[in-house]
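Now for the letters of each chain:
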Amino acid sequence: MRMPAIRAAMTDWWPVLIGLVILFVPTFYDLLRGSWSTEEQAHGPIILVLSLWLVYRQWPDMMEKSKDRPIAKFGWVLLLFGLLLYVVGRSQQITAFEISSFICIMASVILLKKGARALRVMWFPIFFMLFMIPLPGTVVTMLTMPMKMAVSAVTEQVLFWFGYPIARNGVILQIGQYQLLVADACAGLQTLLTLESLGLFYLNVVRHTSSFRNIALALLIVPISFAANVIRVITLTLVTYYLGDAAGQGFLHGFAGMVLFITALSLILAIDSLLQYIVVKRAKRASSDNMVKL
């Protein structure tokens, strides 16, 4: 968008922006001081920033495709629902309701200002914001334990294959003289969802033309996330084994999360490169077959 178009857009949208700031700056401030400051929910501000960047990135396309389009009256229903969620969430301190209200109000404003076609353009940034919503504690507890057991078991087998003196009792790993408890943050559901969101963000940004490449990478994000969790626990276990318990605990709070995301991103890029190689090989083979038929 050129500067005059940007100024015109701001003139049209500034009341909406002021309203959103008044409503949700206190909410996000409380989240930054509260749940978003914990390791389990530390991905929240990252998701918010990336979502807003995606909105900015797709804004010109939305404005272009929604010219002279009728507004969607369903937006009023969605707006009222979002405001109700906000009132209940803010008054009762229900974080999930407050974040959900932000998403609903964002979607309703787009519907009311630019119509359904504009929302279709912005569907991914709106969908991506859902990863900010914390899951209910009962769901997290129910699904986290099997995931921790699986990560612990794989970690034990891998290190045993490499000759390390390791044993496992549930989610407790014994390596040498040290015992390590695989915590929720090391192999929990929230970690998996964070890595899943990272993979989906990568897919949306690169926008491959090959359907095979997109679908295959999307399906592989879950095992990639699991593998990244395993590598994180293996790294922590080896740091403890070689440098002691104090070093392991320091590593856990200082660099384990960084190792997790660097590992996940590296695996995504590596798998994507492999898929690109497969797609190119298939295209060359198809081209050769067509030349032979001619």
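Preceding block: the structure.
Residues numbered from 1 in each chain as written. Predicted model: local features only at pLDDT ≥ 70, side-chain atom pairs only at ≥ 80, totals over all residues. Heavy atoms only, no water.

1. Focus on the overall build of the protein
The helix and strand tally for the protein stands at 12 helices and three strands. Of all 294 residues assigned to the protein, the portion counted as buried reaches 41%. As displayed, the protein offers around 16500 Å² of accessible surface, 69% of which is attributable to carbon and sulfur atoms. (Helix = DSSP H or I, 4+ residues; strand = E, 2+ residues; numbered from the N terminus. Buried < 20%, exposed > 50% of the residue type's maximum accessible area, 1.4 Å probe, protein only. Areas by Shrake-Rupley, 256 points an atom, 1.4 Å probe, with all protein chains shown as cover.)

2. Some details on the packing of aromatic side chains
Between two aromatic rings, the relevant description is the distance of the centres plus the angle of the planes. Summed over all chains, the structure comprises 16 aromatic pairs. Plain terms: the ring middles of Phe 28 and Trp 36 are 5.8 Å apart, the flat faces sit at 20 degrees to each other, and that makes the pair stacked. For the residue pair Phe 28 and Trp 36, the accessibility class agrees, reading buried in each case. Judged by centre distance (5.1 Å) and plane angle (85 degrees), the rings of Phe 28 and Phe 102 are edge-to-face. Highlighted residues: Phe 28 in helix H1 (residues 3–33) and Phe 102 in helix H4 (residues 95–114), separated in sequence by 74 residues. (Phe/Tyr/Trp six-rings, centres within 6.5 Å; stacked < 30°, edge-to-face > 60°.)

3. A short note on the sheet that holds strand E1 (residues 166–169)
Hydrogen bonds between backbone atoms are what pair the strands of a sheet, whose relative direction is either parallel or antiparallel. Strand order in this open sheet of three strands is E1-E2-E3, and the pairing throughout is antiparallel. In this open sheet, the two strands that pair with only one neighbour each are E1 and strand E3 (178–181). Adjacent strand axes in the sheet meet at a mean angle of 20 degrees when their direction is disregarded. Sheet analysis places strand E2 (residues 172–175) next to E3, joined by four bridges and oriented antiparallel. In the strand pairing of E3, Gln 174 is matched with Gln 179. Helix-sheet contacts for helix H10 (residues 211–243) involve E1, E2 and E3, and the interaxial angle to E3 is about 155 degrees. (Pairing = 2+ DSSP bridges. Axes fitted to C-alpha atoms, helices over the stretch in contact; angles between N-to-C directions. Contact = heavy atoms within 4.5 Å.)

4. What to know about a nonpolar patch on the surface
Side chains of Phe 212, Leu 274, Tyr 277 and Ile 278 sit close together on the surface and give an oily, nonpolar patch of about 370 Å² of accessible area. With three residues, helix H12 (residues 256–293) is the largest single contributor of residues to the nonpolar patch. In this structure, Leu 274 sits in helix H12. Judged by relative accessible area, which is 47%, Leu 274 ranks as partly exposed. (Patch = residues over 30% accessible without salt bridge, like charges linked within 9 Å, V, L, I, M, F, W, Y side chains within 5 Å. Salt bridge = Lys/Arg side-chain N within 4 Å of Asp/Glu carboxyl O.)

5. Points about the environment of Arg 168
With respect to the element layout, Arg 168 can be found in strand E1. Sequence separation between Arg 168 and Gln 179 is 11 residues, and the spatial gap between their C-alpha atoms is 9.3 Å. In contact with Arg 168, other than residues within four places in its own chain, are Met 149, Ser 152, Ala 153, Glu 156 and Leu 173. Here Glu 156 takes part through its side chain, which lies 3.1 Å from a polar atom of the side chain of Arg 168. Within the structure, Arg 168 has its side chain in polar contact with the backbone oxygen of Gly 170 (distance 3.0 Å). (Polar contact = N/O pair within 3.5 Å; in protein donor to acceptor, adjacent residues only side chain to side chain.)

6. Thoughts on H10
Given a rise of 1.5 Å per residue, 33 residues ought to cover 48 Å, and the 47 Å separating the end C-alpha atoms of H10 matches this to within 8%. Immediately downstream of H10, the backbone of Gly 244 shows phi near 105 degrees, a positive value. (Expected span 1.5 Å × (residues − 1).)

7. Re a positive patch on the surface
On the surface, a cluster of positive charge is contributed by Lys 281, Arg 282, Lys 284 and Arg 285. The topology assignment puts Lys 281 in helix H12. The class for Lys 281 is partly exposed, based on a relative accessible area of 40%. (Lys, Arg positive; Asp, Glu negative; His and termini not counted. Charge placed at Lys NZ, Arg CZ, Asp CG, Glu CD.)

8. Some points on the pairing of E1
Relative to E2, E1 runs antiparallel, the two being bridged by four bridges. Each residue of the ladder has a partner; that of Asn 169, found in E2, is Ile 172. What sits between E1 and E2 in their antiparallel hairpin is a turn of two residues, with Gly 170 showing a positive phi close to 70 degrees.

9. Brief notes about helix H3 (residues 74–92)
Between the first and last C-alpha of H3 there are 27 Å, a value that for 19 residues agrees with the 27 Å anticipated at 1.5 Å per step. Gly 75, Leu 78, Leu 79, Gly 82, Leu 85, Tyr 86 and Gly 89 are the residues of H3 that are buried. In an axial view of H3, the angular spread of the buried residues amounts to 125 degrees, which keeps them on one side of the axis. When the buried face of H3 is taken as reference, the exposed residues oriented beyond 90 degrees from it are Trp 76, Val 77, Leu 80, Leu 84, Val 87 and Gln 92. Backbone geometry just after H3 places Gln 93 at a positive phi near 60 degrees. (Arc of directions from axis to C-beta.)

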